[in-house]
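So the chains spell out like this:
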Amino acid sequence: MELITLSSVSFAYPDGTRALTDVNLSIMSGERVALLGANGAGKSTVFQMFNGLLMPAKGVVSFKGRPVEKAYLKEVRRRIGMVFQDPDDQLFSGTVRQEIAYGLTNLGMAKDRMEQAVSWALQAAELAGYEDRSPFNLSGGEKKRVALAGVLAMQPEVLVLDEPTAALDPLGAAKIIKLLNAINRQLGITVVFATHDVDAVPLLADRVYVMDRGEIKLSGSTEEVFARKDLIRAYNLRLPRVAHLAELLEREGICRFPALPLTIGGARAELVKKIGGRY
Ligand SMILES: Nc1ncnc2c1ncn2[C@@H]1O[C@H](COP(=O)(O)OP(=O)(O)O)[C@@H](O)[C@H]1O
Ligand SMILES: [Mg+2]
């Protein structure tokens, strides 16, 4: 089922900055989709279109086949869980428990059901034991997981995350990637994320849209997109590091790969096939 669709969407900010030109994209239920682009490409603007924070000047944004308009906003915002780039923009409660319960209180949920939903979300975001901590005294990675738990507690169909790995240390980034994959696989929640972190994309996306200067320039499976090396570089991105290494080894005639490996796991499997046991 098509969840989110942008059809020929164009948009300029009030100061005249042209942010999106003729953007077409669709997100299917259950997918993991990356919106990949350098800073200023238009990723956050696209995300604000999803739930009607911004409305297109031209074109149509739909959720489950119905245009996102005023009368539909409440429903859409309930179904699409947004995790902002900077958790400090999202967090404001005194404790982690209050933070996660906030959205549910607004829905008027009964107390015992709410407690259940909160403890479920705490588990899902691996935050058990953090209930009484202040969100403001947590690390960047922990804050991100609290914001995620607050959104998850509302049981969204889609999680939309703006730069989920930005400003996190390596362990924090790996943890959020692992969590999001588990949420997608185990709960069937669709995951859409914006990033310029090319190393994170193969670990967290089945499909990629590449944006540059307000346009979608390239789309396809993660493998298809990173196979277009010259285009990736033309849009001020780069290959994942392991793919770059494989490219160098090929260029130097040391090793050929049927397809450039994008992850350490993929490279390892290829190398074991080629040189396993000969060391
Ligand atoms: N509130 C705003 N007013 C004017 N221009 C903006 C505003 N927000 C973003 N822009 C501009 O719109 C373009 C796309 O920005 P954005 O969607 O934030 O890109 P990304 O998220 O890919 O970094 C950029 O040129 C940016 O400077
Ligand atoms: Mg952005």
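Residues numbered from 1 in each chain as written. Chains lettered and ligands numbered in written order. Predicted model: local features only at pLDDT ≥ 70, side-chain atom pairs only at ≥ 80, totals over all residues. Heavy atoms only, no water.

Draft legend 1. Inspection of the site of ligand 1 at higher detail. All residues adjacent to ligand 1 are Tyr13, Asp15, Thr17, Ala19, Ala38, Asn39, Gly40, Ala41, Gly42, Lys43, Ser44 and Thr45. Here an oxygen atom of ligand 1 sits 3.2 Å away from a polar atom, N or O, in the main chain of alanine 41. In this structure, an oxygen atom belonging to ligand 1 sits 2.9 Å away from a main-chain N or O atom of glycine 42. Out of a free accessible area of 560 Å², ligand 1 has 62% covered by protein chains. Looking at the shell around ligand 1, the element that brings in the most residues is helix α1 (residues 43–50), giving 3 residues. (Near = heavy atom within 4 Å. Polar contact = N/O pair within 3.5 Å; in protein donor to acceptor, adjacent residues only side chain to side chain. Areas by Shrake-Rupley, 256 points an atom, 1.4 Å probe, with all protein chains shown as cover. Helix = DSSP H or I, 4+ residues; strand = E, 2+ residues; numbered from the N terminus.)

Draft legend 2. Looking closely at the side chain of glutamate 270. Examined against the element boundaries, glutamate 270 turns out to sit in helix α11 (residues 264–275). Sequence-distant contacts of glutamate 270, defined by excluding residues within four places in its chain, comprise Phe257 and Pro258. (Contact = heavy atoms within 4.5 Å.)

Draft legend 3. Spatial organisation of a nonpolar patch on the surface. Judged by side-chain polarity, Phe92, Tyr102 and Phe136 come together as a nonpolar surface patch covering roughly 320 Å² of accessible area. Locating tyrosine 102 in the fold gives a position in helix α3 (residues 96–107). You can call tyrosine 102 partly exposed: its relative accessible area is 40%. (Patch = residues over 30% accessible without salt bridge, like charges linked within 9 Å, V, L, I, M, F, W, Y side chains within 5 Å. Salt bridge = Lys/Arg side-chain N within 4 Å of Asp/Glu carboxyl O. Buried < 20%, exposed > 50% of the residue type's maximum accessible area, 1.4 Å probe, protein only.)

Draft legend 4. Expanded view of the sheet that holds strand β4 (residues 58–63). An order of β2-β1-β4-β5 is seen for the 4 strands of this open sheet, with the pairing classed as antiparallel. Sheet topology places β2 (18–28) and β5 (66–67) at the edges, where each strand pairs with a single neighbour. Relative to β2, strand β1 (residues 2–12) is paired through 7 bridges, and the arrangement is antiparallel. Among the inter-strand pairings, valine 9 is bridged to a residue of β2, identified as valine 23. (Pairing = 2+ DSSP bridges.)

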